[in-house]
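A look at the structure
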Amino acid sequence: MASKAERRILRRQRRARRRFQRVMTGKKFVDHPRYGDQPIRSGENWTEAEVRAAYWGYNRTAYTRDVLFPETAIRADWTKQYAGWGWRRAYVDIARPCRTCRRWFLFFALEQKYWYETLGFFIDADCVHCQECRHEQHVQDRQVQLYEALLAKPGKTRSEWLELSRLGDALFEIGYIKKAETLQRTRLPRRLRAGLGR
């Protein structure tokens, strides 16, 4: 007989799955360029209880909107993981809403295996943004790095000033640069404007 706490967790898991099915009726997940937009069956036989026992964080999904797909679970190689409190004995496809755009996406078991065993991410690192939002964030991060490098560079050429101005406008538009006055630091100096015309 299950304890009161275990029954409460099971009820929350069932509610999360029903909520997920209601939300996903007629919808698709955000498309991942490598893995697609549907759970990938592994062919291994894992029960939901075994999957949740394979990593402490999988039980955490009972308290959020995440949904696990036990039929997608794959065995993990704990010797390649960078862990703190515990290891992952299995990876499983997890469906969740993106924190940025609120669309549902899949954090694939194969993607987790790549993160934790090949790239060496810390085992408790988690994916909370869809692939599209992560890509946009990487583009923005590169723009910020280039903007800051150009801003700090002494003796900029005319083309570097124009690039700095373009980056400043783009970063102001997305809210990275808060004050319009700051954009004046990115404008081409009067001494270099001579040959540009109006």
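Glancing now at the pattern of salt bridges. Here the structure, examined in full by the defined rule, presents nine salt bridges. Measuring nitrogen to oxygen at the nearest pair gives 3.0 Å for the salt bridge that ties Asp-37 to Lys-28. Judged by relative accessible area, which is 15%, Asp-37 ranks as buried. On the basis of relative accessibility, which here comes to 60%, the residue Lys-28 falls in the exposed class. Across the salt bridge formed by Asp-77 and Lys-80, the nearest N and O atoms sit 4.0 Å from each other.

Look at helix H5 (residues 131–152) against helix H6 (residues 158–174): their axes get within 9 Å of each other, and the N-to-C directions meet at 135 degrees. When the axis of H5 is compared with that of H6, the two are oblique. Read as a crossing pair, H5 and H6 show a hand that is left-handed. Contacts between H5 and H6 involve Gln-140, Gln-143, Val-144, Leu-146, Tyr-147, Leu-150 and Leu-151 on the former and, on the latter, Glu-160, Glu-163, Leu-164, Leu-167, Gly-168, Ala-170, Leu-171 and Ile-174. For the contact of H5 with H6, the per-class residue count stands at 10 nonpolar, three polar and two charged.

What counts as what
- Residues numbered from 1 in each chain as written.
- Predicted model: local features only at pLDDT ≥ 70, side-chain atom pairs only at ≥ 80, totals over all residues.
- Heavy atoms only, no water.
- Salt bridge = Lys/Arg side-chain N within 4 Å of Asp/Glu carboxyl O.
- Buried < 20%, exposed > 50% of the residue type's maximum accessible area, 1.4 Å probe, protein only.
- Axes fitted to C-alpha atoms, helices over the stretch in contact; angles between N-to-C directions.
- Helix = DSSP H or I, 4+ residues; strand = E, 2+ residues; numbered from the N terminus.
- Parallel < 35°, antiparallel > 145°, perpendicular 65-115°, else oblique.
- Left-handed = near helix turned anticlockwise from the far one by under 90°.
- Contact = heavy atoms within 4.5 Å.
- Nonpolar A, V, L, I, M, F, W, Y, C, P; charged D, E, K, R; others polar.

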